[in-house]
Amino acid sequence: MDLDLESAIGARIRQLRIARGLTLDELASASAVSRAMISRIERAEASPTASLLARLCAALGLSLSAFFAEEEKDVSPLARRNDQPVWRDPETGYVRRAVSPAGTQSPVDLVEVSFPAGARVSFPPNTASRGMSQHVWLFEGEMEMTVGETVHHLMPGDCLFMGIGDGHVFYNPGDKPARYCVVLDRPRS
């Protein structure tokens, strides 16, 4: 577990919760995540799974990408690979790298993902993400993307466009990791 990243995730959740005037109990009720788990995450004693973090983000009124795209004081148009935030889902082992330079005010975020063979992650409907869309562009391996009732089987080079507010499932049915880029487009204000 990357303690610096876990501490940053916990601090960000706490900061957002307090900024929205929510108690631990209120956030627990809104997210369907236990008060004890939220407290452990805020203290960097537990690492949230992708699904759990998505539920917390939805209850806080933002998307997973917006959560990781915290505004930085020193904005640069260049994000060097070694400086790009990397997060590993403790449940599935999928690795998410925020490629886009932070704080540039661009409505587009680029995320590189390495998704283990056999892994599955479900993202519940999220009203904070309504109006957002994403492209999933597969480079290696294979993926099954479930959007609503439709299952899309992606092979290298395929690109799937979808809205993300209604929820979706990522699944790697293959025997090797899948590597893909997610291009998220947030609505312009």
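Structure's up top.
Before going into details, it helps to say that this report is about the structure given with it. (Residues numbered from 1 in each chain as written. Predicted model: local features only at pLDDT ≥ 70, side-chain atom pairs only at ≥ 80, totals over all residues. Heavy atoms only, no water.)

**Notes on unusual backbone geometry**
Here comes step 1: The phi dihedral of Ala32 falls on the positive side, at around 60°, and the residue is not glycine.
Here comes step 2: The residue Ala32 is located in the loop between helix H2 (24–31) and helix H3 (35–42) in this model.
Here comes step 3: In this model, Ala44 sits at a positive phi of 60°, which is unusual for a non-glycine residue.
Here comes step 4: Its location among the elements puts Ala44 in the loop between H3 and helix H4 (50–60). (Helix = DSSP H or I, 4+ residues; strand = E, 2+ residues; numbered from the N terminus.)

**A short note on the nonpolar core**
Here comes step 1: Within the largest apolar cluster, 44 residues are counted, with the highest numbers of intra-cluster contacts made by Ile9, Leu53, Phe67, Tyr94, Phe115, Met143 and Tyr180.
Here comes step 2: No other element matches H4, which puts 7 residues into this core.
Here comes step 3: The contact partners of Tyr180, leaving out residues within four places of it in the chain, are Val111, Glu112, Val113, Phe115, Val136, Trp137, Leu138, Phe139, Met143 and Phe170. (Core = buried A, V, L, I, M, F, W, Y, C linked by side-chain atoms within 4.5 Å. Buried < 20%, exposed > 50% of the residue type's maximum accessible area, 1.4 Å probe, protein only. Contact = heavy atoms within 4.5 Å.)

**Focus: the packing of aromatic side chains**
Here comes step 1: All chains considered together, the criterion is met by 7 aromatic pairs.
Here comes step 2: Both rings, one in Trp137 and one in Phe139, keep their centres 4.9 Å apart while their planes meet at 65°; by these two values the pair is edge-to-face.
Here comes step 3: With relative accessibility at 42%, the residue Trp137 sits in the partly exposed group.
Here comes step 4: Here Phe139 falls in the partly exposed class, since its relative accessible area comes to 29%.
Here comes step 5: Ring centres of Phe170 and Tyr180 lie 5.8 Å apart, and the angle between their planes is 15°; this geometry places the pair in the stacked category. Separated by 10 residues along the polypeptide, Phe170 in strand E9 (residues 168–171) and Tyr180 in strand E10 (residues 178–185) bring together distant segments of the chain. The two residues Phe170 and Tyr180 agree in class, both being buried.
Here comes step 6: These aromatic residues form a ring-pair network of at least three members: Trp87, Tyr94, Phe115, Phe123, Phe170 and Tyr180.
Here comes step 7: Sitting above the plane of the Tyr171 ring, Arg120 keeps its charged end 4.1 Å from the centroid. (Phe/Tyr/Trp six-rings, centres within 6.5 Å; stacked < 30°, edge-to-face > 60°. Lys NZ or Arg CZ within 6 Å of the ring centre and 35° of its normal.)

**Quick look at H2**
Here comes step 1: Those residues of H2 lying buried are Leu24, Leu27, Ala28 and Ser31. All buried residues of H2 fall inside an arc of 100° around its axis, so they share one side. Turned more than 90 degrees from where H2 packs its buried face, Ser29 and Ala30 sit exposed.
Here comes step 2: Just past H2, the residue Ala32 takes up positive phi, approximately 60°. (Arc of directions from axis to C-beta.)

**Notes on the environment of Val147**
Here comes step 1: By secondary structure assignment, the location of Val147 is in strand E6 (residues 143–147).
Here comes step 2: The spatial distance from the C-alpha of Val147 to the C-alpha of Gly163 is 8.6 Å, given a sequence separation of 16 residues.
Here comes step 3: Discounting residues that sit within four places of it in the chain, Val147 has contacts with His152, Leu160, Met162 and His168.

**Here's the deal with the state of the cysteines**
Here comes step 1: Enumeration according to the criterion identifies 0 disulfides in this entry.
Here comes step 2: With no disulfide of its own, Cys159 lies closest to Cys181 among cysteine sulfurs, the gap being 8.6 Å.
Here comes step 3: The buried category is assigned to Cys181, whose relative accessible area is 13%. (Disulfide = S-S within 2.5 Å.)

**Description of the sheet that holds strand E1 (residues 86–88)**
Here comes step 1: If you trace the 6 strands from one edge of the open sheet to the other, you get E1-E2-E3-E10-E5-E8, paired in antiparallel fashion. In the strand order of this sheet, the two ends are held by E1 and strand E8 (159–163), each with one partner. Between one strand and the next, the sheet's axes are offset by a mean angle of 20°, whatever the strand orientation.
Here comes step 2: Pairing geometry for strand E2 (residues 95–98) and strand E3 (residues 108–115), over 4 bridges, is antiparallel. The partner of Ala98 across the bridge, within E3, is Val111. (Pairing = 2+ DSSP bridges. Axes fitted to C-alpha atoms, helices over the stretch in contact; angles between N-to-C directions.)

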